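This is what each chain is made of:
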Amino acid sequence: MTAETPACKVEAPASTPASTPVPAPRVSAAFGVLAAALALGGAELAAALVGRPEAGPLLAVGSVFIDLSPAWLKDFAIRTFGAADKLVLLLTLAGVIAVAAGVIGTAALRRPRLAITALAGLAALAGAAALSRPGARPADVLPASVGAVGGTLALLYTRRGLRPRPAGQVTPAALARPGQPVPSTAQPARMAGAERRVLLTRGSAILGLAVLSGGAGRAITSARRSSADGRALVLPRPADPAGALPASVSLNVPGLSPFTTPNDAFYRVDTALIVPRVPHQEWTLRVHGLVDRPVELSFADLLARPLSERDITLTCVSNEVGGPYAGHARWLGVDLAALLREAGIRPGADQILSCSADGWTASTALESVLDGRDALLAIAMNGAALPPAHGFPARMIVPGLYGYVSATKWVIDLKLTRFADERAYWTRRGWAERAPIKTASRIEVPKPFAEVPAGPVTVAGTAWAQHRGIAAVEVRVDDGAWRQADLAASAGPDTWRQWQTTWQAAPGQHRLEVRATDATGHTQPAERLPPIPDGATGWHSVLVTVT
Ligand SMILES: Nc1nc2c(c(=O)[nH]1)N[C@H]1C(S)=C(S)[C@@H](COP(=O)(O)O)O[C@H]1N2
Ligand SMILES: [Mo]
């Protein structure tokens, strides 16, 4: 035990019998963690009260971390943690803060000034992180400042409880008067029952305050946020409806992903640690740059335009061969090409640099949007306003392009510019500036490592080559001959297509492989390439055991 008198900084004699049942450094480390909890709870509450949850220290620092992390790390995170990548980041950050807080708490025992300086330094970092975010306001330093004050008070408050006093003289009353000098001849602290009770009381008080403030902050934030979604919105009828999908686009094979992906099952990939909430009443879209007539549209302006309904399958460039980051929806939106033409596209423009409410950008090849395909500024998905996680109030959807170069969610700004002049978020991080979706196919039935009985076995899956269309899917077993699979009806070149075949399975271990050919005659190559820089290639394979 190393308790000492902070007033005179005299080390306890080494010969001192260990009379304290709870070692002070460990206690003070725990108090450091509690102080951090109060700092974070207070900051969360402050962020909620100023209506800027994204300015809270965890989210602000986490967002800066996301933007600073290299492409391979993002790729690793998506591959390893999938949709939980953000939770993993927040938990890691909380862990790092806890360790730092423990160290600060321990330091507070001997070097209180140093501890408070360290705390202030961390808070300053959090404040700077919040201020550096796109769309930051001056008030965004508030959460970190409130956190710093809360954390400092908590450190000081608990430190008093840790001060050693002459053995046998510890009383709660003495603890309440910590300013009193302690004689240098004092025996090291004896953690009497009374003292432990006081520490426990102080610790629980801080913990309680932390939980209360953090909980109140979260409650306020979620109440405010639920008012900024489109659930109450009445969607206009499409001027150009899509018509019912033929039933024959679905093969009704158990285990096959449904042709239309329900909104709540649709994959989500973005850099937003907290889903941006943009009230549609406040939303505007600016169209500017290399145009003759810059325009600014409100959400009402958008709804007043003729709306088209289109079936479009969206895919993420980070999808591994056989991976889950593809989904199909029926989108409702305005014609993006028409909107740009109205603004008067100037010669020389070759890129649409779109920007979201949270400062993310995508570069879309202008020629793709203008070539007649159904590029949309979408407001609804599968008959409902866009869910907040999928871009409410509005997002872009361009058939045939990976999401990172086309599908900007929470879009607020379209700038016509040139690839030579400006680069978008992922392009700056090493991904391709133009990225048409590569032809892909995956086996969904049977599942990898499934055990199936010998005899006829249904093999089925999905294939896509958006804006070209799927012409053929082939399957082979154990490097045998490729055999044509049966295709479900096509819903158009912009959607994925289901396929199936029957395999006469003999007992043993077998490897099933699939490859697709698109309507331009291009067959998926065998060569395995990683997602970076413009999409994975290779054939999906599944190992099964036939019994
Ligand atoms: N604002 C914003 N929009 C974004 C992204 C993003 O990080 N921020 N990610 C893009 C990527 S990489 C993909 S694949 C699609 C995914 O759309 P979804 O989450 O609705 O499936 O959104 C795109 N739009
Ligand atoms: Mo993506």
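Residues numbered from 1 in each chain as written. Chains lettered and ligands numbered in written order. Predicted model: local features only at pLDDT ≥ 70, side-chain atom pairs only at ≥ 80, totals over all residues. Heavy atoms only, no water.

Looking at an unreviewed UniProt entry, the chain carries the name Sulfite oxidase, with the source organism given as Nonomuraea longicatena.

(A) How the structure looks around the UniProt feature "transmembrane region" (unreviewed entry) in the chain. Listed under "transmembrane region" (unreviewed entry) in the UniProt record, and renumbered for this structure, are residues 29-50, 88-109, 116-135, 141-158 and 199-217. In residues 141-158, the share of helix is 94% and the share of strand is 0%. The end C-alpha atoms are 26 Å apart. Note that residues 199-217 is 100% helix and 0% strand, and that its end C-alpha atoms are spaced 27 Å apart. (UniProt positions renumbered as here; feature names shortened; annotations may be inferred. Helix = DSSP H or I, 4+ residues; strand = E, 2+ residues; numbered from the N terminus.)

(B) Here's a closer look at the sheet that holds strand β6 (residues 361-365). Taken in spatial order, the five strands of this open sheet run β2-β1-β10-β5-β6, and their pairing is mixed. Of all the strands in the sheet, just β2 (295-298) and β6 have a single pairing partner and so form its edges. Averaged over all pairs of adjacent strands, the angle between strand axes in this sheet comes to 15°, irrespective of strand direction. Summarising the sheet, strand β5 (residues 351-356) and strand β10 (residues 411-417) pair through six bridges and their orientation is antiparallel. Bridge assignment links serine 354 to a residue of β10, and that residue is leucine 414. (Pairing = 2+ DSSP bridges. Axes fitted to C-alpha atoms, helices over the stretch in contact; angles between N-to-C directions.)

(C) Expanded view of the site of ligand 1. Taken together, 19 residues form the shell around ligand 1, and within it Tyr267, Thr271, His390, Arg395 and Lys409 come nearest. Residue histidine 390 places a side-chain N or O atom 2.6 Å away from an oxygen atom belonging to ligand 1. Considered class by class, the residues forming the shell around ligand 1 number nine nonpolar, five polar and five charged. (Near = heavy atom within 4 Å. Polar contact = N/O pair within 3.5 Å; in protein donor to acceptor, adjacent residues only side chain to side chain. Nonpolar A, V, L, I, M, F, W, Y, C, P; charged D, E, K, R; others polar.)

(D) Broad picture of helix α1 (residues 24-49). Helix length check: α1, at 26 residues, gives a terminal C-alpha distance of 37 Å against a target of 38 Å (1.5 Å per residue), a fit within 8%. Positive backbone phi, approximately 70°, marks glycine 51, located one or two places after α1. (Expected span 1.5 Å × (residues − 1).)

(E) Representation of the packing of α1 against helix α8 (residues 193-226). The contact between α1 and α8 brings their axes to 7 Å, and the two run at 25°. In terms of orientation, α1 lies roughly parallel with respect to α8. Handedness of the α1/α8 crossing: left-handed. For the contact of α1 with α8, the class distribution of residues is 16 nonpolar, seven polar and three charged. (Parallel < 35°, antiparallel > 145°, perpendicular 65-115°, else oblique. Left-handed = near helix turned anticlockwise from the far one by under 90°.)

(F) The arrangement of a nonpolar patch on the surface in detail. Where nonpolar side chains cluster on the molecular surface, the patch consists of Val50, Leu142 and Val146 and spans about 190 Å² of accessible area. Along the chain, valine 146 turns up in helix α6 (residues 142-162). The class for valine 146 is partly exposed, based on a relative accessible area of 32%. (Patch = residues over 30% accessible without salt bridge, like charges linked within 9 Å, V, L, I, M, F, W, Y side chains within 5 Å. Areas by Shrake-Rupley, 256 points an atom, 1.4 Å probe, with all protein chains shown as cover. Salt bridge = Lys/Arg side-chain N within 4 Å of Asp/Glu carboxyl O. Buried < 20%, exposed > 50% of the residue type's maximum accessible area, 1.4 Å probe, protein only.)

(G) Just unusual backbone geometry, in detail. Along the chain, valine 445 connects to proline 446 via a cis peptide bond; the corresponding omega equals -5°. Its location among the elements puts proline 446 in the loop between β11 (440-445) and β12 (451-452). For the bond from isoleucine 532 to proline 533, the omega torsion is 10°, close enough to zero to count as cis. With respect to the secondary-structure elements, proline 533 resides in the loop between β18 (508-518) and β19 (540-546). Of note in this structure, aspartate 478 is not a glycine but carries a positive phi near 50°. Inspection of the secondary structure assignment puts aspartate 478 in the loop between β14 (470-477) and β15 (483-484).

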